[in-house]
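These are the residues of each chain, in order.
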Amino acid sequence: MAASASSLLAAAASSSCAAISSRLPAGAPAAASVPSASRHSCASLRASPARRHRSRFIASVAPTMQPPAESRVSTVVDVDLGDRSYPIYIGAGLLDEPDLLQRHVHGKRVLVVTNTTVAPLYLEKVTWALTHNNPNVSVESVILPDGEKYKDMDTLMKVFDKAVESRLDRRCTFVALGGGVIGDMCGFAAAAFLRGVNFIQIPTTLMAQVDSSVGGKTGINHPLGKNLIGAFYQPQCVLIDTDTLNTLPDRELASGIAEVVKYGLIRDAPFFEWQEKNMSALLAREPSALAYAIKRSCENKAEVVAQDEKESGLRATLNLGHTFGHAIETGIGYGAWLHGEAVAAGTVMAADMSHRLGWIDESIRKRVVDILEQAKLPITPPETMTVEKFKSIMAVDKKVADGLLRLILLKGPLGSCVFTGEYDRKALDETLHAFSNN
Ligand SMILES: NC(=O)c1ccc[n+]([C@@H]2O[C@H](COP(=O)([O-])OP(=O)(O)OC[C@H]3O[C@@H](n4cnc5c(N)ncnc54)[C@H](O)[C@@H]3O)[C@@H](O)[C@H]2O)c1
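Residues numbered from 1 in each chain as written. Predicted model: local features only at pLDDT ≥ 70, side-chain atom pairs only at ≥ 80, totals over all residues. Heavy atoms only, no water.

*Asks:* Where do I start with the nonpolar core in this structure?
*Replies:* A general feature of soluble globular proteins is that nonpolar side chains tend to end up buried together. Of all hydrophobic cores here, the largest spans 84 residues; its most connected members are Ile88, Leu206, Phe324, Met353, Phe390, Leu409 and Tyr423. Each of two domains, domain 1 (20–257) and domain 2 (320–435), supplies a minimum of three residues to this core. With residues up to four places along the chain from it excluded, the contact list for leucine 206 reads Leu245, Leu248, Leu253, Gly256, Ile257, Leu290 and Ile294. (Core = buried A, V, L, I, M, F, W, Y, C linked by side-chain atoms within 4.5 Å. Buried < 20%, exposed > 50% of the residue type's maximum accessible area, 1.4 Å probe, protein only. Domains from an automatic or database assignment. Contact = heavy atoms within 4.5 Å.)

*Asks:* When you look at the side chain of glutamate 309 in this model, what are you seeing that I'm missing?
*Replies:* Here glutamate 309 shows up in the loop between helix H10 (287–307) and helix H11 (322–332). Take glutamate 309: its relative accessible area is 13%, and that puts it in the buried class. In this structure, glutamate 309 is in contact with Leu81, Arg84, Phe232, Gln234 and Arg315, ignoring residues within four places of it in sequence. (Helix = DSSP H or I, 4+ residues; strand = E, 2+ residues; numbered from the N terminus.)

*Asks:* I'm lost on the side chain of serine 416 in this one. Help?
*Replies:* Tracing the backbone shows serine 416 in the loop between strand E13 (407–410) and strand E14 (417–420). A polar side-chain atom of serine 416 sits 2.7 Å from the main-chain carbonyl oxygen of proline 413. The contact partners of serine 416, leaving out residues within four places of it in the chain, are Leu265, Ile266, Leu410 and Lys411. (Polar contact = N/O pair within 3.5 Å; in protein donor to acceptor, adjacent residues only side chain to side chain.)

*Asks:* Which parts of the structure should I look at to understand the confidence of the model for the protein chain?
*Replies:* Segments scoring low in pLDDT should not have their predicted coordinates read at a detailed level. Mean pLDDT over the protein chain: 87, with 86% of residues reaching 70 or higher. The low-confidence segment residues 1–50, where pLDDT is below 50, has 79 contacts with residues more than four positions distant or belonging to other chains. Counting contacts from residues 58–63, a segment whose pLDDT is below 50, to residues more than four positions away or on other chains yields 13 contacts. (pLDDT = per-residue confidence, 0-100.)

*Asks:* For this particular structure, what's the right way to read the site of the ligand?
*Replies:* The environment of the ligand is formed by 27 residues, the closest being Asp146, Glu148, Thr204, Thr205 and Lys226. For the ligand, a nitrogen atom lies 2.9 Å from a polar atom in the backbone of threonine 244. Burial of the ligand by the surrounding chains reaches 91%, relative to a free accessible area of 870 Å². For the shell around the ligand, the secondary-structure elements that each account for two or more residues are helix H4 (119–131), helix H6 (180–192), helix H7 (206–212) and strand E9 (225–232). Its residues assigned to classes, the shell around the ligand shows 7 nonpolar, 11 polar and 9 charged. (Near = heavy atom within 4 Å. Areas by Shrake-Rupley, 256 points an atom, 1.4 Å probe, with all protein chains shown as cover. Nonpolar A, V, L, I, M, F, W, Y, C, P; charged D, E, K, R; others polar.)

*Asks:* Please clarify how unusual backbone geometry should be interpreted in this entry.
*Replies:* The phi angle of most residues is negative, glycine excepted, and most peptide bonds adopt the trans form. Phi is positive for arginine 167, which is not a glycine, with a value near 55 degrees. Examined against the element boundaries, arginine 167 turns out to sit in the loop between helix H5 (153–165) and strand E6 (173–178). Note on arginine 167: relative accessible area 69%, which makes it exposed. If you check the backbone angles, lysine 376 has positive phi at about 65 degrees while not being a glycine. If you trace the backbone, lysine 376 turns up in the loop between helix H13 (362–374) and helix H14 (387–394).

*Asks:* Before we go on, may I ask you to explain the packing of H11 against helix H12 (residues 339–356) in this structure?
*Replies:* Each pair of packed helices gets described by two things: the angle between the helix axes and the distance between those axes. One way to put it is that H11 packs onto H12 with a least axis distance of 7 Å and a crossing angle of 135 degrees. As summarised for this structure, H11 and H12 are arranged oblique, according to the angle between their axes. Both H11 and H12 take part in a crossing whose hand is right-handed. Where H11 abuts H12, its residues His322, Phe324, Gly325, His326, Ile328 and Glu329 lie against His339, Ala342, Val343, Ala345, Gly346, Met349, Ala350 and Met353. (Axes fitted to C-alpha atoms, helices over the stretch in contact; angles between N-to-C directions. Parallel < 35°, antiparallel > 145°, perpendicular 65-115°, else oblique. Left-handed = near helix turned anticlockwise from the far one by under 90°.)

*Asks:* Please clarify how the environment of glutamine 374 should be interpreted in this entry.
*Replies:* With respect to the element layout, glutamine 374 can be found in helix H13. Owing to a relative accessible area of 37%, glutamine 374 belongs among the partly exposed residues under this scheme. When the C-alpha atoms of glutamine 374 and alanine 254 are compared, they prove to be 9.9 Å apart, with 120 residues separating the residues in sequence.

*Asks:* Just checking my understanding: could you explain the pairing of E14 for this structure?
*Replies:* Each regular strand displays side chains that alternate between the two surfaces of the sheet. Residues Cys417 and Phe419 of E14 are buried on one face, and the alternating residues Val418 and Thr420, pointing to the opposite face, are buried as well. In this antiparallel pair of consecutive strands, E13 and E14, the connection spans 6 residues, and glycine 412 shows a positive phi of 95 degrees. (Pairing = 2+ DSSP bridges.)

*Asks:* Hey, could you run me through the pattern of salt bridges in this one?
*Replies:* In a structure, side chains of opposite charge can pair up when their charged atoms sit close to one another. Applying the stated criterion across every chain, the model contains 26 salt bridges. For glutamate 276, the salt bridge goes to arginine 367, with nearest N and O atoms at 2.8 Å. Taken together, the positions of glutamate 276 in helix H9 (residues 269–283) and arginine 367 in helix H13 put the pair 91 residues apart, joining distant regions of the chain. The partly exposed category is assigned to glutamate 276, whose relative accessible area is 25%. Judged by its relative accessible area of 27%, arginine 367 is partly exposed. Here arginine 356 ties to aspartate 352 by a salt bridge, and the two come within 2.6 Å at their closest N and O atoms. Of this pair, arginine 356 and aspartate 352 both sit in helix H12, 4 residues apart, which is roughly one turn of the helix. (Salt bridge = Lys/Arg side-chain N within 4 Å of Asp/Glu carboxyl O.)

Following this line, the structure appears as structure tokens:
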């Protein structure tokens, strides 16, 4: 039973990879020669509609809205979930386009959820975008403390307090303005407030733009484990203004790159090869390289989510390196390492274990280490993570079912993986011992 499920997943992963390959030009595009749609999307940041790129996966019954003709949106990726489909708008300067946001606001009351770092940078701009030529809409905001350690029940309650005190009703809209922590918390609050109100994602970190704002996973941490309390709840739209990355610290940028690398490894070999050639352009924030990485990541995520919204199988592959990574985040205290840093070390551990099992060549294991090193991300866990600590934390991971820990491991050529509980326990033990002090 488990064997057939994991081979099904392997097949699904490699077949979708083949589908992606067929859409990309032969060979990995260099930064200066990204595929034509992407070149337009980022080189001319004020893209004309004729040049706009739109990605859609699987025929939809509910087409999502087109941006206006003169819009700066250079790419739209549709997340195809039938009548809950929504667009991801990608481009520079999108917060200067009030219509993009306003068309997705339901009702007359908006609650912007943000934090003490992002509010001084973008709250005024977002409030303007929501209210410009739109006197009927009133905007409240709640400014949360900044940090992973505040992704908890107490801080979540501040969102509910504000919503209740402001007497918001079912026709209100919550707007998440910030990184993955704000997006996950605001989304969960929107899912629970009055049993569900509309919500919009405005991600402002690379991590949130390439991953967390897309796909509807929302939630908070429990002291014993990451993201253990949450809900699947999809936004009305995701608005990615790539200009917001201009204020993001380098360390946060690198953290987001860990998730970009993940898409290449699990399902998109040409994208991984492109990253190998363009990592320095990404770290230097070359607009064309960043825009391509965001677009391709969102396309990969949208394709997976459209096939498996609630993570019954395929979607789990997006967690490559996360089981080890979440153990690191929990083990050393939330916020001590950034999420992408923990995922990077976890990805190296997953590649090591895959190699011990004989599932990938040494050359692939080495390429995983090299690309993450190139991205200036950690490739080993912190010293305080002992084997026992890993084991005890991994025992409460969400992917434990019937007492069996299932893992996402690389298997086969670059760009393929499996989600499985069928592996030799010895390999897991060896990997933990190789990367931990005792
Ligand atoms: N829901 C999902 O599918 C999913 C996927 C991946 C990660 N996550 C979650 O996302 C979180 C990590 O997200 P993150 O890396 O964005 O962390 P984060 O939200 O903590 O943001 C990182 C830091 O950057 C600051 N910041 C945000 N935007 C900025 C900007 N434009 N300029 C300057 N500073 C800015 C934030 O205030 C914070 O200090 C974790 O909790 C992780 O579990 C969720």
